[in-house]
Amino acid sequence: MKKLFLMLVLFPALTSAQYYGERTTEQSFESSSLYFNSSYLNTFGLENFKKVAVGLVDDPFLNAYLNPALMPDLKDKSTIFYLDFRGDRTVEKVVSSYVVPLYYTDFYRPYYDSRWVSVTRAEPVPTFSFGFFANPIKEFVNNFYIGVTYQMIRRKENFYSSPYYIYNSRYSYDALGMKAEGAADIPIKDRYSAKDEMITDAHLFSAFAGYKITDKLSAGLSFNGVIHKRGGGYLDARSDEYGNTNNSDWENRSQQDKNQKYHHADFSAGLMYEFTNKFSAGLKLGLLTGKTEQTYDNLHYYFYDYDATPTNNNWSSSYSNSSTVQSWNHDGTNKYFSLNFSYIIGEGKSFSGYYRYSKTIEDIVNSSVIMDTSFYVSHYENTYNNILNVHDYSGKSSARDIRSGWGDRNENNHEILLRFSSELNSWSKLNIGLYINGRSYTINTFEPVTANRYSEYHSRSTGSNNYQHDNLLILDEIKRLVWNYSSDYFTLQIPVILDFTIAEKFGLTIGVNRMLKDWEIHETTTAYFTSRKRNENGVIKEENNFGERYSPPGDKYTDNDTDLFLKLSANVSEEFAVNLLFDPEFQHLLRVSQWWLSFEGKF
């Protein structure tokens, strides 16, 4: 009695088992900023400047991504090299609830941000980045170059879960969300926790080649590839008997595993033509093909035994076992083109820009298999006013949800950047830009589902309060889920960069970027039921060939931000320079949210 009282009073209940039968598998797919996007070495890739760096900053690696026909200025040198080491950004990303960490005793329903589906997960920064341009045949051909870049990502993080689950097992609750009478949620002590990690391993590489065919016409080719893997797991296994938890015996095993793979190959070609001494323009065309595969396994096992022997007057026993196995496969292409131009206004002043359009189409195949079984019995006796009261309870439940789906993801992306550059005097230079990006994103999936849930319990009491309750609930569904999701994103950014030369050996760069971001998101799920049969205590209700639509209100988000970066440069010699780039944060206390150390050489 004392043990049971402690369990019921001292330990709060966890939230009940959650089953979202009209939620689709695709909503749990985890996208990434690397998926189906061109990869390149961004030498100004700080979080709030990476989108505006291309076309704004005159850098050979950024120019080669903009158009491989833009020849790097090797001058009298034959090789340019670049190497950097980067620190991770330490502020939250736009969707702060995206990653849901798992703690040993905390099980909660997270807040859902509908941008989860379309705002990709930002990858960890590269451990190091390296690149070079060279003309290996300079003695024979002057107007030729080749280039290579490589970036490696290797990062360990804590395991995290998706906020969009279909089924989430809870101790003491059956498949229909009913709590076992008299059952208490188990007070978990951290006896043994074996695993809590996610490891990202990625390799990003690119190659360029260009040739100046005539004094006015040049051509270039580029290739970039990504090999990306992320995997890890969470394991919490416990067992205790006669410990501090005041339980006779119990054990618990919670295990989750994720594995993600992605690769792509991206080919592009570019042309540049100098129409006059002041005006030049170029064209770039490209095709990216990629594939991603993801799996997720979630296993929960729980057993609890409180003096469950025939000789005891008070006893209980509980058992549950659930599993979720999911998989996703995306095959996609990204077709794109861009136009870029440059116009020299006058001495030390220029105007340039680009327009880029890309269309991404992904074919989707996914599946989910969800199983759950639970069983509970208890017997409790007490004497009050010389009357023996006996309480008996027994219950069992099961759930099965099997589904497979297909569909597509489509994205249309428009980018415009305009830049004005002016040499203010012999020791300072101004770059000011305007960046506009509009992106429409749609997902359409079709998912046949066969779902069965069963719950039965019996409760009886004799003595001063006699009663008997019997309950049976069976729900069988055959349906097809159609999920339609759309997201419209718009951003306007105004970057300003000032470069200062301090003496002959040192330089200072100050940059600021004003950003406006807007999202508008709509989604609808329609369930087309072939049949739904409900048996409640022998009363059977059957419905056939009908539909239900679930349309949550549209979501709108707006984000306004201003960010500043500083760059310190030291020219050790004419051939070698060291740069320190960092992003200060002024909220509450001044701190550095990201830093960047790079080395440049010309030989």
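Criteria and cut-off values
- Along each chain, numbering runs from 1 in the same order as the chain's sequence is written.
- Totals for whole chains, interfaces and linings use every residue, but because this is a predicted model, local features are given only for residues with pLDDT of at least 70 and side-chain atom pairs only at 80 or more, for both listing and counting.
- Note that the side-chain values use all heavy atoms of the structure and ignore hydrogens as well as water.
- Secondary structure is summarised from DSSP: a helix means a run of H or I of at least four residues, a strand means a run of E of at least two, and numbering begins at the N terminus for each.
- For the exposure calls, accessible area comes from a 1.4 Å probe over protein chains only, and a residue counts as buried if that area is under 20% of its type's maximum, exposed if over 50%, partly exposed in between.
- Only heavy atoms enter the contact rule, under which two residues are in contact if any of them lie within 4.5 Å.
- Throughout, the Shrake-Rupley method with a 1.4 Å probe supplies accessible areas, and for residues the shown protein chains are the sole cover considered.
- Any N or O atom pair separated by 3.5 Å or less is treated as a polar contact, with the protein-specific requirement of one donor-capable and one acceptor-capable atom, and with residues adjacent in sequence counted only for side-chain atom pairs.
- Take the buried residues of types Ala, Val, Leu, Ile, Met, Phe, Trp, Tyr and Cys, join any two whose side-chain atoms come within 4.5 Å, and each joined set is a nonpolar core.
- The pairing test for Phe, Tyr and Trp rings, Trp by its six-membered ring, is centres within 6.5 Å, and the orientation test on the planes gives stacked under 30 degrees, edge-to-face over 60, and tilted for anything in between.
- Both a distance and an angle decide whether a charge sits over a ring: NZ of Lys or CZ of Arg must be within 6 Å of the ring centre and within 35 degrees of the ring normal.
- Residue-level confidence of the predictor, termed pLDDT, takes values from 0 up to 100.
- Salt bridge criterion: a side-chain nitrogen from Lys or Arg within 4 Å of a carboxyl oxygen from Asp or Glu.
- Residues qualify for a patch when their relative accessible area is over 30% and they have no salt bridge, like charges being joined within 9 Å and the nonpolar side chains of Val, Leu, Ile, Met, Phe, Trp and Tyr within 5 Å.
- Only strands that DSSP links by at least two bridges are regarded as paired with each other.

Each helix and strand in the protein was counted, giving 3 helices and 21 strands. Each of the 603 residues in the protein was classed as buried or not, and the buried ones make up 47%. Relative to all contacts within the protein whose residues are 6 or more apart in sequence, the contacts with residues 24 or more apart total 75%. When the accessible surface of the protein is split by element, carbon and sulfur atoms take 56% of a total near 28,400 Å².

Another aspect to go through is the side chain of N471. Within the secondary structure, N471 is located in strand 16 (residues 467-502). In this structure the side chain of N471 is engaged in a polar contact, spanning 3.5 Å, whose partner is the side chain of N537.

It is worth spelling out the nonpolar core at this point. If you look at the biggest cluster of nonpolar residues, it comprises 27 residues, and the most contacted ones within it are F133 and F565. Contributing elements (two or more residues each) for this core: helix 2 (50-53), helix 3 (60-66) and strand 2 (79-86). Looking at which element gives the most residues to this core, the answer is helix 3, with 5 residues. When sequence neighbours within four positions are dropped, the list of residues in contact with F565 reads F44, L46, F49, I497, T509, I510, G511, L581, F582 and P584. One finds F36, F159, Y160 and Y234 within the second-largest nonpolar core, a separate group that totals 16 residues.

Right, let's get into the packing of aromatic side chains. Applying the stated criterion across every chain, the model contains 30 aromatic pairs. Ring geometry for F81 versus F603: centroids 5.8 Å apart, planes at 5°, classification stacked. Of this pair, F81 sits in strand 2 while F603 sits in the segment after strand 21 (591-602), and the two are 522 residues apart along the sequence. Residue classification places F81 among the buried residues on the basis of a relative accessible area of 18%. An aromatic cluster is built from F61, Y82, F133, Y145 and F208, whose rings are joined through pairwise contacts. Here the guanidinium or amino end of K284 rests over the ring plane of Y65, the centre of that ring lying 4.5 Å away.

Low pLDDT marks regions whose predicted coordinates should not be analysed in detail. Residues of the protein with pLDDT of at least 70 account for 84%, and the chain-wide mean is 85. Below pLDDT 50 for its whole length, residues 1-17 participates in 39 contacts with residues either more than four positions away or in separate chains. Per-residue pLDDT stays below 50 along residues 181-192; that stretch engages in 50 contacts with residues further than four places along the chain or on separate chains.

Looking now at the pattern of salt bridges. Overall, the coordinates contain 19 salt bridges when judged by the stated rule. As a salt-bridge pair, E47 and K50 come within 3.6 Å of each other at their nearest N and O atoms. In this structure, E293 and K291 form a salt bridge, with 3.5 Å as the shortest nitrogen-oxygen distance. Taking the relative accessible area as the measure of exposure, K291 reaches 29% and is therefore partly exposed. Here the residues in one salt-bridge network are E22, E477, K479, R532, E543 and E548, joined through shared partners.

Attention now goes to a nonpolar patch on the surface. A cluster of nonpolar side chains, contributed by F85, L568, L580, V592 and W595, occupies part of the molecular surface with about 420 Å² of accessible area. You can see F85 is positioned in strand 2.

Before going further, it helps to examine the environment of N544. Looking at the element boundaries, N544 is found in strand 18 (residues 539-550). When the C-alpha positions of N544 and S531 are compared, they lie 4.3 Å apart, and in sequence the two are 13 residues distant. Sequence-distant contacts of N544, that is, excluding residues within four places in its chain, are made with F529, T530 and S531.

Turning next to unusual backbone geometry. The residue N385 is not glycine, and still its phi comes out positive at about 55°. Relative to the helices and strands, N385 resides in the loop between strand 13 (349-384) and strand 14 (387-425).

It is worth spelling out the pairing of strand 20 (residues 576-585) at this point. Here strand 20 lies mainly inside the structure; 7 of its 10 residues are buried. Where strand 19 (residues 555-571) lies against strand 20, 6 bridges are found, and the strand directions are antiparallel. If you follow L566 over to strand 20, its bridge partner there is F582. In this structure, the hairpin formed by strand 19 and strand 20 is closed by a connection of 4 residues. Sheet analysis places strand 20 next to strand 21, joined by 10 bridges and oriented antiparallel. Its bridge partner being in strand 21, E585 is matched across the sheet by R591.

Another point: the pairing of strand 17 (residues 506-536). Relative to strand 17, strand 16 is paired through 30 bridges, and the arrangement is antiparallel. Paired with K479 across the bridge in strand 17 is F529. Taken together, strand 16 and the strand that follows it, strand 17, pair antiparallel across an intervening segment of 3 residues, in which A503 is found at a positive phi of about 60°. By the bridge criterion, 16 bridges tie strand 17 to strand 19 in an arrangement that is antiparallel. Looking at strand 19, one finds that L516 is bridged to N560. Bridge count between strand 17 and strand 18: 11 bridges; the pairing is antiparallel. When the sheet's bridge partners are listed, A527 is paired in strand 18 with E548. In textbook terms, the turn of a hairpin is the stretch between consecutive antiparallel strands, and for strand 17 and strand 18 this stretch comprises 2 residues, one of which, N537, has a positive phi near 55°.

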